[in-house]
Amino acid sequence: MTATYTFDVFSSLDGFGAASGNWSGYWGKQGPELLAHRLTLYRDEQRMVFGANTYRAFARMLASSTEESEVRDPWVTRMRSLPATVVSTTVQGPLDWPNATLVRGDAVEVVARLKQESAVPLRSHGSLSMNRALMAAGLVDRVQVTLFPVITGQTGLDPIFHGAADFDLERIESRTLDGHIQELIYRPALHV
C-alpha cells in the first residue's frame, strides 16, 4: 500500500509563502478556529518530510522562540513531536529535531521510497522547491493551501508555485476558518 503525501502550505492571496516588512507570522490573521483546526490536522500519526531550507528555518525559528511566542502554537509543538525525514545533501547532523532522520539523496527518489515503505501518511509543511519537484514527479496526492486574506505584492517572499509545472486541480475539500481564512485541498494532476 502506498502512503498518501500531502503538500501543506500557507499562502497569501497572491501566492507567496511569507512576507518581509511588518507582517507577522500567519500575516497576523490567525484565530482560534484556525489554530484548533491545525492541531486536529496534526493529531493523527504521520511522518513529516522537510527539505533543507524549511528544516533550517523551522529549527532556527524554534530555537530562538520562547514557550509563549506564537511560534510555539500547540500545532507546531505537535508537528515537531512527529517523526520527520529531512531530505538534503547539505544539512549536517545531528539534527535539532526530536525523532528526525536525515536522508541524503534526490527528494523524488527518497519520497517515492517513503511512500512505499511508510505505514502512516506523509505531510510536508513548506519545502517549496522540493514539493514542486515532487508534484512534477506525480508523488503529491494532496495540495493543501491555507489562504490568508492578504496581498503581499511589495513584500511577498517565497513564491509558492514559481517555476512549477502546469497542473489541473480537483477540489477535494474546502472550508472557511475564523470567517476569513480559506483552506483548499486539491488532488493535483499534471496538465498535458
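Scroll up a little and you will see the structure.
About the cut-offs
Positions within a chain are numbered from 1, following the residues in the order the chain's sequence is written. Totals for whole chains, interfaces and linings use all residues, but because this is a predicted model, local features are given only for residues with pLDDT of at least 70 and pairs of side-chain atoms are given and counted only at 80 or more. With hydrogens and water set aside, each side-chain value is computed from the structure's full complement of heavy atoms. Every helix listed is a DSSP run of H or I at least four residues long, and every strand listed is a run of E at least two residues long, numbered separately from the N terminus. Note that the radius of gyration is over C-alpha atoms, with the globule rule given as 2.2 Å times the number of residues to the power 0.38. Partly exposed residues are those whose accessible area sits between 20% and 50% of the maximum for their type, while under 20% is buried and over 50% is exposed, using a 1.4 Å probe and protein chains only. Should any heavy atoms of two residues lie within 4.5 Å, those residues are considered in contact. Any two strands between which DSSP finds at least two bridges are classified as paired. To get an axis, fit a line to the C-alpha atoms, keeping to the stretch in contact for a helix; angles then go from 0 to 180 degrees between the N-to-C directions. The labels follow the angle: roughly parallel below 35 degrees, roughly antiparallel above 145, roughly perpendicular from 65 to 115, and oblique for the rest. By convention, the crossing between two helices is left-handed when the near helix turns anticlockwise from the far helix through less than a right angle, and right-handed when the turn is clockwise. Side-chain classes are defined by residue name, with Ala, Val, Leu, Ile, Met, Phe, Trp, Tyr, Cys and Pro counting as nonpolar, Asp, Glu, Lys and Arg as charged, and the others, Gly among them, as polar. Here is the rule: rings of Phe, Tyr and Trp (six-membered ring for Trp) pair when centre to centre is within 6.5 Å. Planes less than 30 degrees apart are stacked, more than 60 are edge-to-face, and the remainder are tilted. The rule for a charge over a ring is simple: NZ of Lys or CZ of Arg within 6 Å of the ring centre, and within 35 degrees of the ring normal. Joining through side-chain atoms within 4.5 Å is the link that ties buried Ala, Val, Leu, Ile, Met, Phe, Trp, Tyr and Cys residues into a set, and such a set is a nonpolar core.

Asks: Which parts of the structure should I look at to understand the overall build of the protein?
Replies: Secondary structure assignment for the protein yields 5 helices and 10 strands. Here the protein has a C-alpha radius of gyration of 16 Å; the compact-globule value for 192 residues is 16 Å, and the two agree. Projected onto its principal axes, the C-alpha coordinates of the protein cover approximately 45 × 40 × 30 Å. Counting every position in the protein, which comprises 192 residues, the buried fraction comes to 44%. For the protein, contacts bridging at least 24 residues in sequence account for 73% of all contacts bridging at least 6.

Asks: Sorry if this is basic, but what is going on with the sheet that holds strand E7 (residues 142-148) here?
Replies: Strands belonging to one sheet form pairs held by backbone hydrogen bonds; the direction of such a pair is parallel or antiparallel. Reading across from one edge, E5-E4-E3-E6-E1-E7-E10-E9 is the order of the 8 strands in this open sheet, with mixed pairing throughout. Looking at which strands have only one partner, the edges of the open sheet turn out to be strand E5 (100-103) and strand E9 (167-177). Averaged over all adjacent pairs, the angle separating strand axes in this sheet is 25°, with direction ignored. Taken together, the 4 bridges between strand E3 (residues 47-51) and strand E4 (residues 84-87) define a ladder with parallel strand orientation.

Asks: I'm lost on the pairing of E9 in this one. Help?
Replies: Both faces of the sheet carry side chains from a regular strand, because those side chains alternate between them. Bridge count for E9 against strand E10 (residues 181-190) is 10 bridges, and the pairing is antiparallel. Bridge pairing links Phe167 to Leu190 in E10. Here E9 hands over to E10 after 3 residues, with Asp178 in that stretch at a positive phi of 55°.

Asks: Got a minute to help me understand the packing of helix H1 (residues 32-41) against helix H3 (residues 74-81) in this structure?
Replies: Packed helix pairs are characterised by how far apart their axes lie and by the angle those axes make with each other. Direction vectors running N to C along H1 and H3 enclose 15°, while the axes themselves pass 8 Å from each other. As far as their axial angle goes, H3 and H1 are roughly parallel. H1 and H3 meet at a crossing whose hand is left-handed. On H3, the residues that touch Leu35, Arg38 and Leu39 of H1 are Pro74, Trp75 and Arg78. Residues that form the contact of H1 with H3 fall into these classes: 4 nonpolar, no polar and 2 charged.

Asks: Is there a simple way to explain the packing of aromatic side chains in this structure?
Replies: The description of an aromatic ring pair uses the distance of the two centres, along with the angle that the planes make with each other. Within this structure, the stated rule accounts for 11 aromatic pairs. When the centroid spacing of 5.7 Å and the interplanar angle of 40° are considered together, the rings of Phe10 and Tyr26 count as tilted. Linking Phe10 in strand E1 (residues 5-12) with Tyr26 in the loop between strand E2 (16-19) and H1, this pair joins segments that are 16 residues apart in sequence. Under the relative-accessibility criterion, Phe10 is labelled buried at 11%. Judged by relative accessible area, which is 10%, Tyr26 ranks as buried. Connected via pairs of aromatic rings, a cluster forms that spans Phe10, Tyr26, Trp27, Tyr42, Trp75 and Phe148. Cation over ring: Arg80 sits above Trp97, and NZ or CZ is 5.5 Å from the ring centre. Here Arg123 stacks its cationic end above the ring of Tyr42, 5.3 Å away from the centre of that ring.

Asks: Just checking my understanding: could you explain the nonpolar core for this structure?
Replies: By size, the foremost hydrophobic cluster in this structure holds 27 residues, and its most contacted members are Phe50, Tyr55, Met79 and Trp97. Within the residue set of this core, elements represented by two or more residues are H1, E3, helix H2 (52-63), H3 and E4. Top contributing element to this core by residue count: H2, with 5 residues. Apart from residues lying up to four places away in sequence, Trp97 is in contact with Phe50, Tyr55, Phe58, Ala59, Leu62, Met79, Arg80, Leu82 and Ala84. In this structure, Val87, Val103, Leu114 and Leu128 belong to the second largest nonpolar core, which totals 22 residues.

Asks: Please clarify how unusual backbone geometry should be interpreted in this entry.
Replies: A negative phi angle characterises most non-glycine residues, just as the trans form characterises most peptide bonds. Residues Gly93 and Pro94 are joined by a peptide bond in cis, for which omega reads 0°. Of note in this structure, Ser127 is not a glycine but carries a positive phi near 50°. On the secondary structure map, Ser127 appears in the loop between strand E6 (122-125) and helix H5 (128-136). Taking relative accessible area as the criterion, Ser127 reaches 4% and is therefore assigned buried. In this structure, Asp178 is a non-glycine residue whose phi angle is positive, near 55°. Position of Asp178 relative to the elements: it lies in the loop between E9 and E10.

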